[in-house]
Amino acid sequence: MVGRMRMAAALLLALAACAALPSRTAANKISINWKPNTNYSDWVAQHSPFYKDDWLVFYYTAGQADVVQVDEAGYNKCDASNAIYNYSKGRTFAFQLNETKTYYFICSYGYCFGGMRLAIKTEKLPPPSPPPSASHRSAAAAAAFARSHAAVIFYAVALLAVLLRVV
Ligand SMILES: *[C@@H]1O[C@H](CO)[C@@H](O)[C@H](O)[C@H]1NC(C)=O
Ligand SMILES: *[C@@H]1O[C@H](CO)[C@@H](O)[C@H](O)[C@H]1NC(C)=O
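Residues numbered from 1 in each chain as written. Chains lettered and ligands numbered in written order. Predicted model: local features only at pLDDT ≥ 70, side-chain atom pairs only at ≥ 80, totals over all residues. Heavy atoms only, no water.

Student: For the pairing of strand S3 (residues 55-59), give the residues involved together with the corresponding values.
Tutor: The sheet contact formed by strand S1 (residues 29-33) and S3 spans five bridges and is parallel. In the sheet register, Asn33 faces S3, and the bridge partner there is Tyr59. Note: S3 against strand S6 (residues 92-96), five bridges, orientation antiparallel. Each bridged residue has a counterpart across the sheet, and for Tyr59 the counterpart in S6 is Thr92. (Pairing = 2+ DSSP bridges. Helix = DSSP H or I, 4+ residues; strand = E, 2+ residues; numbered from the N terminus.)

Student: Report on the sheet that holds strand S5 (residues 85-87), specifying residues and quantitative values.
Tutor: Overall, mixed pairing links the five strands, which are arranged S2-S8-S7-S4-S5 in an open sheet. Looking along the sheet, the strands with just one partner apiece sit at the ends: strand S2 (50-51) and S5. Taken together, the five bridges between strand S7 (residues 102-106) and strand S8 (residues 117-123) define a ladder with antiparallel strand orientation. Of the residues in S8, the one forming a bridge with Phe105 is Leu118.

Below, the structure is given as structure tokens:
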């Protein structure tokens, strides 16, 4: 019985160690289908948070849309006259959000007034979760770990229950 429990506990620890790989370490590529007559405020909400060094990849039809980076005033007024940068060639445009700030993009073809504009606030990438150490894991870290690995923990506990019942 004790032997089985030790084995099950070791298995549980091994599973937990495998699951403890940090979930997000590198820049993400976020694709956006950039098209007229679309209101992008929900899109921004759904794709938040954005992190510094993420890439925004705009897919659009040349001649139907352009991508214009503007300042906050340009965003609010749908005014491209003080454009920081504009892009209208090809079919895709990849832009790296390489600072921690709010970026503003509009389409200058008039569709901005219908919601074809983006205000994207970037955050610093959170530090990777600390490596699991059986002796020194704070309660908060343990709780966060449990939240992010609920499925793995569930199966490990189920496995443990099965193993113990077998004895
Ligand atoms: C985009 O840039 C080009 C060249 O820099 C400029 O001629 C054009 O007016 C700009 N368009 C917008 C909408 O800012
Ligand atoms: C876009 O959608 C948001 C949220 O649904 C709304 O508050 C906003 O007024 C819309 N903008 C336009 C231009 O329709």
